[in-house]
2 protein chains.
Amino acid sequence: MYQIHNDMFSKACEYGIKASTYIALQSLQDKRVSLKEIAEEINSPVAFTAKILHQLAKNNILDSVKGPAGGFQIEKENVEKLKLSHVVFAIDGDSIYSGCGLGLEKCNEQQPCPLHDKFVIIRNELKQMLEETSLLDLTSGLDLGITFLKR
Amino acid sequence: MYQIHNDMFSKACEYGIKASTYIALQSLQDKRVSLKEIAEEINSPVAFTAKILHQLAKNNILDSVKGPAGGFQIEKENVEKLKLSHVVFAIDGDSIYSGCGLGLEKCNEQQPCPLHDKFVIIRNELKQMLEETSLLDLTSGLDLGITFLKR
DNA sequence: TTTAATTCGGATAAGTTTGTCCGAATTAAA
DNA sequence: TTTAATTCGGACAAACTTATCCGAATTAAA
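Residues numbered from 1 in each chain as written. Chains lettered and ligands numbered in written order. Predicted model: local features only at pLDDT ≥ 70, side-chain atom pairs only at ≥ 80, totals over all residues. Heavy atoms only, no water.

**Q** Even after reading the chapter, I still don't get the environment of Lys81(B), so can you show me in this structure?
**A** Residue and element names in this part refer to chain B. Locating Lys81 in the fold gives a position in helix H4 (residues 76-81). Classification of Lys81 as exposed rests on a relative accessible area of 54%. It is 8.3 Å that separates the C-alpha atoms of Lys81 and Leu136, two residues lying 55 residues apart in sequence. (Helix = DSSP H or I, 4+ residues; strand = E, 2+ residues; numbered from the N terminus. Buried < 20%, exposed > 50% of the residue type's maximum accessible area, 1.4 Å probe, protein only.)

Structure representation (structure tokens):
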């Protein structure tokens with residue numbers, strides 16, 4: 001009927017997470033990276049990625065520097081402090097934390113949809129995972145060639 | 001930046017689940033229900049809902065009858081057998097069971113994305129929830145006014 | 001047999017997300 | 001000071017999802 005609905009995250013969010021992870025990895029080695037390099041490394045459309053990086057920079061997740069030898073960077077000490085939840089929030093807002101699984105305007109403990117209780121459980125686990133996973137966690141396997149940001 | 005990304009399910013899926021639940025509830029009382037009534041009860045756009053019901057009927061989740069006094073129905077004995085996973089699958093396909101959290105084409109145990117392990121855990125819980133929740137489960141609270149399909 | 005209620009199903013429109021283009025602003029280096 | 005590399009940011013285009021419209025097919029009832 002429709003195209004496959006495959007997104008726990010939006011594309012913007014996927015790119016944001018992958019870009020942040022790559023930037024974090026390079027930042028740990030004191031390397032600043034350009035938009036072009038990032039897009040290549042995470043296999044994402046350049047201009048679209050630019051907007052997402054800009055958004056992340058505005059939300060103080062990344063530092064951006066214009067001009068030659070400019071690019072994006074994350075303060076070393078922040079690589080561990082920054083969690084997936086921060087990245088997701090900067091791009092998609094607090095959507096993951098609110099909203100009814102069946103799309104009801106007002107759905108809560110008092111007047112829940114039939115799926116409410118079961119849905120809340122799953123979402124809280126997602127929330128917890130996002131809040132306890134840092135950019136540092138995501139970089140760990142990359143160096144060793146255990147994990148990948150493209151393919 | 002973008003609109004709030006609020007969907008664990010697509011709208012089509014939300015309507016499909018709510019409609020199936022309402023039809024199940026009425027079917028338990030041997031009532032066949034019309035598209036119009038369904039759309040009203042679940043607060044969904046009529047024509048769009050028609051397409052989703054049609055899709056569910058094609059996948060043998062619903063029985064549909066044309067003509068006056070026609071409408072949609074679910075065999076009583078199927079109300080408990082039909083799980084959320086069946087409804088979701090009929091509308092969105094197997095998306096929930098496949099696909100990488102970060103959108104990689106090839107992401108698996110051997111060559112995972114950095115989020116793979118944590119993502120798989122969450123998704124398996126979602127999968128399990130969908131597979132063990134029946135339409136009967138969803139109807140239980142509706143009669144008693146404990147749960148709601150609109151508002 | 002006719003009528004009317006209903007689902008079926010294609011065409012099309014509207015809205016959102018994703019993606020592209022291009023010039024402006026910034027800034028390091030020549 | 002000029003040049004060139006880069007991010008910034010708006011306008012626009014493409015793709016996908018959601019939604020509407022309307023006629024065809026079906027069928028129970030008048």
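**Q** How do you make sense of the side chain of Arg123(A) when you look at a structure like this?
**A** Residues and elements named next belong to chain A. With respect to the helices and strands, the residue Arg123 is situated in helix H6 (residues 116-132). Lacking a salt bridge, the buried Arg123 has Glu109 as its closest oppositely charged neighbour, with an N-O distance of 8.9 Å. Excluding its chain neighbours within four sequence positions, the residues that come into contact with Arg123 are Ile96, Tyr97, Ser98 and Gly99. (Lys, Arg positive; Asp, Glu negative; His and termini not counted. Salt bridge = Lys/Arg side-chain N within 4 Å of Asp/Glu carboxyl O. Contact = heavy atoms within 4.5 Å.)

**Q** Quick question: what am I supposed to make of the pattern of salt bridges here?
**A** Should the charged atoms of two oppositely charged side chains come close, the side chains can pair. All chains considered together, the criterion is met by 4 salt bridges over all chains. Two residues, Asp30(A) and Lys76(A), come together in a salt bridge whose shortest N-O distance is 3.3 Å. Placement of the pair is Asp30(A) in the loop between helix H1 (11-27) and helix H2 (35-42) and Lys76(A) in helix H4 (residues 76-81), with a sequence separation of 46 residues. Residue Lys76(A) is classed as partly exposed on the basis of its relative accessible area, which comes to 43%. The partner of Glu14(B) in a salt bridge is Lys11(B), and the shortest N-O contact between them spans 3.3 Å. Of this pair, Glu14(B) and Lys11(B) both sit in helix H1 (residues 11-27), 3 residues apart, which is roughly one turn of that helix. Look at Glu14(B) and you get buried, because its relative accessible area is 2%.

**Q** Explain the relation of the copies chain A and chain B here, please?
**A** For the pair of chain copies, the relating transformation is a rotation about an axis with a translation along it. With an RMSD of 0.0 Å, the fit of chain A onto chain B corresponds to turning through 180 degrees and sliding 0.0 Å along the axis. Both copies are brought into coincidence by an operation consistent with a two-fold rotation axis. Relative to the rotation axis, the closest C-alpha in chain A is found at Met8(A), a distance of 3.2 Å. Taken as a fraction of all interface residues of chain A, those also at the interface in chain B reach 100%, which identifies the copy contact as same-surface. (Least-squares fit on C-alpha atoms with pLDDT ≥ 70 in both.)

**Q** Explanation requested: helix H5 (residues 84-92) of chain B in the structure shown.
**A** Quick reminder: α-helices carry 3.6 residues per turn. Residues three or four places apart thus point the same way. Across the 9 residues that make up H5(B), a large majority, 7, are buried. Backbone geometry just after H5(B) places Gly93(B) at a positive phi near 75 degrees.

**Q** Teacher, can you tell me more about H1(B) here?
**A** The first and last C-alpha atoms of H1(B) sit 24 Å apart over 17 residues, in line with the 24 Å expected at 1.5 Å per residue. Extensive coverage of H1(B) is indicated by the burial of 16 of its 17 residues. (Expected span 1.5 Å × (residues − 1).)

**Q** What exactly am I supposed to notice about the packing of aromatic side chains here?
**A** Residue and element names in this part refer to chain A. Summed over all chains, the structure comprises 2 aromatic pairs over all chains. For the ring pair Tyr15 and Phe48, a centre distance of 5.8 Å and an interplane angle of 85 degrees mean the geometry is edge-to-face. One end of the pair, Tyr15, is in helix H1; the other, Phe48, is in helix H3 (residues 46-58), and 33 residues separate them in sequence. By relative accessible area, Tyr15 is classed as buried at 12%. (Phe/Tyr/Trp six-rings, centres within 6.5 Å; stacked < 30°, edge-to-face > 60°.)

**Q** Would you take a moment to explain unusual backbone geometry for this structure?
**A** Leaving glycine out, the prevailing phi sign among residues is negative, and the prevailing peptide bond configuration is trans. At Ala69(A), a position not held by glycine, the phi torsion is positive, near 65 degrees. Structurally, Ala69(A) is set in the loop between strand E1 (63-65) and strand E2 (71-73). Given a relative accessible area of 68%, Ala69(A) falls into the exposed group. The backbone phi angle of Asn60(B) is positive, close to 60 degrees, even though this residue is not glycine. By the element assignment, Asn60(B) lies in the loop between helix H3 (46-58) and strand E1 (63-65). Residue class for Asn60(B) comes out exposed when judged on its relative accessible area of 64%.

**Q** Would you take a moment to explain a negative patch on the surface for this structure?
**A** Together, Glu80(A), Glu131(A), Glu132(A) and Asp137(A) line one region of the surface with negative charge. Within the element layout of this structure, Asp137(A) appears in helix H7 (residues 135-143). (Patch = residues over 30% accessible without salt bridge, like charges linked within 9 Å, V, L, I, M, F, W, Y side chains within 5 Å. Areas by Shrake-Rupley, 256 points an atom, 1.4 Å probe, with all protein chains shown as cover. Charge placed at Lys NZ, Arg CZ, Asp CG, Glu CD.)

**Q** Which parts of the structure should I look at to understand the interface of chain A and chain B?
**A** It is common to give the size of an interface as the accessible area that goes away when the parts come together. Listed by partner, the interface residues are 52 residues for chain A and 52 residues for chain B. Carbon and sulfur atoms supply 66% of the area buried between chain A and chain B, which totals about 4700 Å² over both sides. The tally of links between chain A and chain B comes to 0 salt bridges. At the junction of chain A with chain B, the criterion picks out 10 residue pairs in polar contact (both at pLDDT 80 or more). Mapped onto the side of chain A that touches chain B, the elements with two or more residues apiece are H1, H3, helix H5 (84-92), H6 and H7 of chain A. Take the side of chain A that touches chain B: its biggest share by element is 6 residues, from H6(A). (Buried area = accessible area lost by both parts, 1.4 Å probe. Polar contact = N/O pair within 3.5 Å; in protein donor to acceptor, adjacent residues only side chain to side chain.)

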